[in-house]
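Close look at the chain arrangement
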Amino acid sequence: MYFNGIHTDSYSINQFLSLVGWTFQGGLGGTTGGRLYGFGADQVLQLEMVLPSGQHVKFGPTEWEVSEGYDVPKTTTVAGVCRTNPDEMDEDNWLWGDCSEDINFDDLWFAVRGGGGGTWGVILSMHLQLHEHLPLERLFMNLEECINEDELEPSQLQSLVNAYQEFEIKAMFDPESINVTEGESNACGWPTGDAFYSCYGEGSAKVFETAWKKYLESISQRLIDDGVPVDQVDASLNCTGSVIQSFDSYADLVLSMTPIPGKIPDSPQPMITSTTATSSNIIIPKKWVLENIETAVTYFPPAPSGYKAFAGRSTAATSDQANSLSLAHRDGAYMMFIDHNLVGDD
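Description of the structure in this document. (Residues numbered from 1 in each chain as written. Predicted model: local features only at pLDDT ≥ 70, side-chain atom pairs only at ≥ 80, totals over all residues. Heavy atoms only, no water.)

On to the overall build of the protein chain, then. Check the secondary structure of the protein chain and you find 12 helices and 16 strands. Counted over contacts in the protein chain with a minimum sequence separation of 6, partners at least 24 positions apart contribute 72%. Carbon and sulfur atoms form 51% of the exposed surface of the protein chain, whose accessible area is close to 18000 Å². (Helix = DSSP H or I, 4+ residues; strand = E, 2+ residues; numbered from the N terminus. Contact = heavy atoms within 4.5 Å. Areas by Shrake-Rupley, 256 points an atom, 1.4 Å probe, with all protein chains shown as cover.)

Right, dumping it as structure tokens:
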């Protein structure tokens, strides 16, 4: 179930996929500003949980210190309270005070944000950091509408596809090489599937539409040398197949896609078998991608498939340095889903 778009007069909250995913698993956000503000785990200010022991607790940071190189203070002390009248059913009458048993809230705070799901207890509520509300723009680049695939050999079509994938890599991980600022790049994210960009801020998606055309123009001779017909290169350069959709919030985007007005279907659908039972999620380091772009374009999502939501402000700079989300996640470029049936015994 999605919980999205909680608004005050001037602020909105990021969307998240269940409380467990938002904290225990780190909380990636390909379409919800994750590259701009950090992982979901970085937004948590306070948690309310029932521990395996049955204790009902609330806890969060109480002391911090400024840490050079980070956007947020370093958490140095975490404190919490326990409910002292556990038999009371009326929430308005709950009483909170010192815990009768010693609880290491520092370790618990570290574990629940990035340490995996289900082990540490049941999350009942949380306080999250709000960010300034920005409108959402979604950009689709429909290259297929501009070129005539029947006139292209497979190798020629692959050259165009590779150029497209190469542009996405540069736009995400090395934006200044295509005259896009780091801030403009971080404002945009990529989910799974075929959506190209979801960007926050008025005019943010147009930046990438313009950058793509300029980039393609800069490598047009290379494409021609690869055998792509000049008229097909020109067709790509003058492509009018891009579509920009504007929404007031991510919640409005999700609601616009649901077949039942006001209702949002589960994604994925409830199931007994894990979605990763037949596949593995592999995080590809950003450093490797930038050093091996020609190889990386072959594997860059959605070829074969993957999740493109990393390496923005969701790097170490947004960490309070008191969470268990690994640097491999924070510094990863993207995640690939590898089907076990495609991997040999060797």
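Alright, that's what it looks like, and here's the rest.
Looking now at the pairing of strand β5 (residues 56-65). In this sheet, β5 lies alongside strand β4 (residues 44-50) in antiparallel orientation, the contact comprising 4 bridges. In the strand pairing of β5, Leu47 is matched with Phe59. Between β4 and β5, which pair antiparallel one after the other, the connecting turn spans 5 residues, and Gly54 there sits at a positive phi close to 95°. Here 8 bridges tie β5 to strand β6 (residues 74-83), and the two strands are oriented antiparallel to one another. Pairing of Trp64 across the sheet is with Thr75, part of β6. (Pairing = 2+ DSSP bridges.)

Attention now moves to helix α3 (residues 105-112). By the burial criterion, the buried members of α3 are Phe105, Leu108, Trp109, Ala111 and Val112. Buried residues along α3 cover an arc of 165° about the axis, so they all sit on one side. For α3, the capping residue at the N-terminal end is Asn104, with a side-chain oxygen 3.3 Å from the backbone nitrogen of Asp106. (Buried < 20%, exposed > 50% of the residue type's maximum accessible area, 1.4 Å probe, protein only. Arc of directions from axis to C-beta. Polar contact = N/O pair within 3.5 Å; in protein donor to acceptor, adjacent residues only side chain to side chain.)

What follows deals with the pattern of salt bridges. Taken as a whole, this structure holds 5 salt bridges when the rule is applied. Residue Asp42 is joined to Arg330 by a salt bridge in which the shortest nitrogen-to-oxygen separation is 2.7 Å. One end of the pair, Asp42, is in the loop between α2 (34-37) and β4; the other, Arg330, is in helix α12 (residues 327-330), and 288 residues separate them in sequence. A salt bridge links Glu209 to Lys206; the nearest nitrogen and oxygen atoms lie 2.6 Å apart. With Glu209 and Lys206 both in helix α6 (residues 204-218), this residue pair falls 3 residues apart, about one helical turn. With a relative accessible area of 8%, Glu209 lands in the buried category. (Salt bridge = Lys/Arg side-chain N within 4 Å of Asp/Glu carboxyl O.)

Turning to the sheet that holds strand β10 (residues 136-141), a few remarks are in order. If you walk across this open sheet you meet the 4 strands as β11-β12-β10-β13, and the pairing is antiparallel. Because the sheet does not close on itself, it has two edges, and the strands there are β11 (188-189) and β13 (242-247). Direction of pairing for β10 relative to strand β12 (residues 197-200): antiparallel, over a ladder of 4 bridges. If you follow Leu139 over to β12, its bridge partner there is Tyr197. Docked against the sheet, helix α9 (residues 250-257) engages β10, β12 and β13, running at close to 55° with respect to β10. (Axes fitted to C-alpha atoms, helices over the stretch in contact; angles between N-to-C directions.)

Side chains of Glu144, Glu145, Glu149, Asp150, Glu151, Asp231 and Asp234 sit close together on the surface and give a patch of like negative charge. Topologically, Glu144 is positioned in the loop between β10 and α4 (154-173). (Patch = residues over 30% accessible without salt bridge, like charges linked within 9 Å, V, L, I, M, F, W, Y side chains within 5 Å. Lys, Arg positive; Asp, Glu negative; His and termini not counted. Charge placed at Lys NZ, Arg CZ, Asp CG, Glu CD.)

A word on the sheet that holds β5. The strand order across the open sheet formed by 5 strands is β7-β6-β5-β4-β8, and the pairing between neighbours is antiparallel. This sheet does not close on itself; its edge strands, each paired only once, are β7 (96-97) and β8 (122-128). α3 rests against β4, β5 and β6 of the sheet, and its axis sits at about 105° to β6.

What follows concerns the packing of α4 against α6. One way to put it is that α4 packs onto α6 with a least axis distance of 11 Å and a crossing angle of 125°. As judged from the angle between their axes, α4 and α6 are oblique. As for the relative orientation of α4 and α6, their crossing is right-handed in sense. Along the contact surface, α4 presents Ala163, Tyr164, Glu166, Phe167, Lys170 and Ala171, while α6 presents Phe208, Ala211, Trp212 and Tyr215. Within the contact of α4 with α6, the residues separate by chemical class into 8 nonpolar, no polar and 2 charged. (Parallel < 35°, antiparallel > 145°, perpendicular 65-115°, else oblique. Left-handed = near helix turned anticlockwise from the far one by under 90°. Nonpolar A, V, L, I, M, F, W, Y, C, P; charged D, E, K, R; others polar.)

Applying the stated criterion to the full structure yields 2 disulfides. Between the sulfur atoms of Cys82 and its disulfide partner Cys99 the distance amounts to 2.0 Å. Taking the sign of the S-S torsion, about 95° here, the bridge from Cys82 to Cys99 comes out right-handed. Of this pair, Cys82 sits in strand β6 while Cys99 sits in the loop between β7 and α3, placing them 17 residues apart in sequence. The class of Cys82 is buried, set by a relative accessible area of 5%. What pairs with Cys188 in a disulfide is Cys199, and their sulfur atoms sit 2.0 Å apart. (Disulfide = S-S within 2.5 Å.)

Take unusual backbone geometry next. For Asn179, which is not a glycine, the phi torsion comes out positive at approximately 60°. Within the secondary structure, Asn179 is located in the loop between α4 and α5 (182-186). Asn179 gets classed as exposed once you look at its relative accessible area, which sits at 75%. The residue Gln321 is not glycine, and still its phi comes out positive at about 60°. By the secondary structure assignment, Gln321 is in the loop between β15 (306-307) and α12.

So far we have only geometry, and geometry alone does not tell us how the molecule works.
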